[in-house]
Every structure is written in structure tokens, then in C-alpha cells.
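These are the residues of each chain, in order.
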Amino acid sequence: MTEPDFIQYDVSIIRPAVTHEQIAFRGRDLSSTERAKVKKALRTLHSLEIMAVNTYRFQITRRDEALNRDLIAAMCNEMTHMQDFAVKLYEYGLRPSLFRWAWWLVGFAIGFGSRLMGKTAILKTGVFVETKAVHHYAELLNAADWDEATRRVIEKDQADEGGHIQTWSRYLSELS
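Position numbers for residues start from 1 in each chain and track the written sequence from start to end. The predicted origin of the model limits local features to residues at a pLDDT of at least 70 and limits the giving and counting of side-chain atom pairs to 80 or more, whereas totals for whole chains, interfaces and linings rest on all residues. To get the side-chain values, all heavy atoms of the structure are used, and hydrogens and water are removed first.

The helix and strand labels rest on DSSP assignments: H or I over at least four residues marks a helix, E over at least two residues marks a strand, and numbering proceeds from the N terminus. Scanning the protein from terminus to terminus reveals five helices and zero strands. Written out in order from the N terminus, the α and β elements of the protein read α-α-α-α-α. Only the C-alpha atoms count toward the radius of gyration. The rule for a globule is 2.2 Å times the residue count to the power 0.38. For a compact globule of 176 residues, the expected C-alpha radius of gyration is about 16 Å, and the protein comes in at 16 Å, within 12% of that figure. Its C-alpha atoms give the protein principal-axis dimensions of about 55 × 35 × 30 Å.

Rendered as C-alpha cells:
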């Protein structure tokens, strides 16, 4: 993964606790150029997490099996990421993109389409999408001058995506 070796995150924690004291106004002293970078990066992260939530949501079937349990856990984790970036947008005095609904549709198409093609397609799609996410997170970590709390949220969410890759890769190796 692209995160620094010294940073360790427990990816088994699906929904980390957020306390009232952790909510803060951020970036009010940023230049307009820096603020634009933060806005673009946070909106991108938020929109992509909307897509990820729906990808998993529409891959889940009614079968009582371990894969569905892990898809539900991944969906829950992605919902947390979506909330993380919505909160960060508001903390920075920004708003989510008006076009985020389009990412909902993309997630639906990817999730439902892969579900129609079966387990292998679901798993390969998961590995592909999450690998792209890890690389995208790495780019976005360098896209703006983040405060430490926001950087930690982005790094934790990136680590979670790496955990999803490991889970889907394990399932794929068991299918072989």
C-alpha cells in the first residue's frame, strides 16, 4: 500500500468513534488557491465514496454466506468514509458537489452489473475499484496542505481500502 510504513491503522474497526470535540472549523486561513485544492480533493473523495457505497450495496444478495457479510461490512465502512468527507467539507465551510447523484448512478451500475455476472466478477470488481481508490487517496493526500486531523482521516480511510483489497483477494484465491 502507499501509506507510510510507520502509520498503522486497525482496519478491523469499521466505524471509528467521532467525539464532539473532534468537530472543528478548519482551513479558514487558507489562501483561495489552497482552499480550491481542498475543495476539489474533498469533493472528489466524498463523491467516490458515494460510488463505493452503492457498488457494495448493489452487490449484496439475499444469500446467507460469508461474502455477503463482508460486502455488508464493506458497505458500512464506505458509508463511514462518505460521512468522514461530508463532515470535512462542512468543517472547511464547503458543500458536497451538486452532481454527487451521478456517482450514485455509477456505483449502482458497477455494483449491479458485477452482481449479475457472479461472484468472481464481484470480487474482481472489488479488487480493481479498491486498488484505484488506494492510488487515488495517495494522490489526494498530496493534493492539498491538510491539517493533521484531516490527514489522519484520509490515511485511515485509505488503509481501509487496502483492507478491502486483502479481503476480496482472499476470496478470489479461495475460488481458484
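Turning our eyes to something else, we now look at the nonpolar core. Here, nonpolar core refers to any group of buried Ala, Val, Leu, Ile, Met, Phe, Trp, Tyr and Cys residues whose side-chain atoms link them within 4.5 Å. Partly exposed residues are those whose accessible area sits between 20% and 50% of the maximum for their type, while under 20% is buried and over 50% is exposed, using a 1.4 Å probe and protein chains only. Among the nonpolar cores identified, the biggest contains 16 residues, and Val-38, Leu-42, Phe-85, Trp-146 and Ile-154 are the most heavily contacted of them. Listing elements by their share of this core, those giving two or more residues are α1 (32–57), α2 (66–91), α4 (119–141) and α5 (148–175). Contact criterion: two residues are considered in contact whenever any of their non-hydrogen atoms come within 4.5 Å of each other. The residues contacting Phe-85, other than those within four sequence positions of it, are Leu-42, Leu-45, His-46, Glu-49, Tyr-137, Val-153, Ile-154 and Asp-157. Ile-60, Leu-67, Ala-74 and Met-75 belong to the second-largest nonpolar core, a separate cluster that totals 13 residues.

Moving on, we get to empty space enclosed by the protein. It is the rolling of a water-molecule-sized probe over the atoms that shows where space remains empty. For cavity detection a 1 Å grid was placed over the protein atoms alone, and a set of points counts as a cavity when a 1.4 Å probe fits there but cannot get out; an open set counts as a pocket when protein lies on both sides within 12 Å along at least five of seven lines, with lining residues being those that have an atom within 4 Å of a point. Grid points are joined across faces, edges and corners, and a volume is the space filled by probe spheres set on the points. Under the counting rule described, the total for this entry stands at one cavity of 30 Å³ or more. For the largest cavity, the calculated volume is near 30 Å³. Those elements that place two or more of their residues in the lining of the largest cavity are α1 and α4. Residue polarity is assigned by list, with Asp, Glu, Lys and Arg as charged and Ala, Val, Leu, Ile, Met, Phe, Trp, Tyr, Cys and Pro as nonpolar; anything else, Gly included, falls into the polar class. A class-by-class count of the residues in the lining of the largest cavity yields three nonpolar, three polar and one charged.

None of this, on its own, says anything about what the molecule does.
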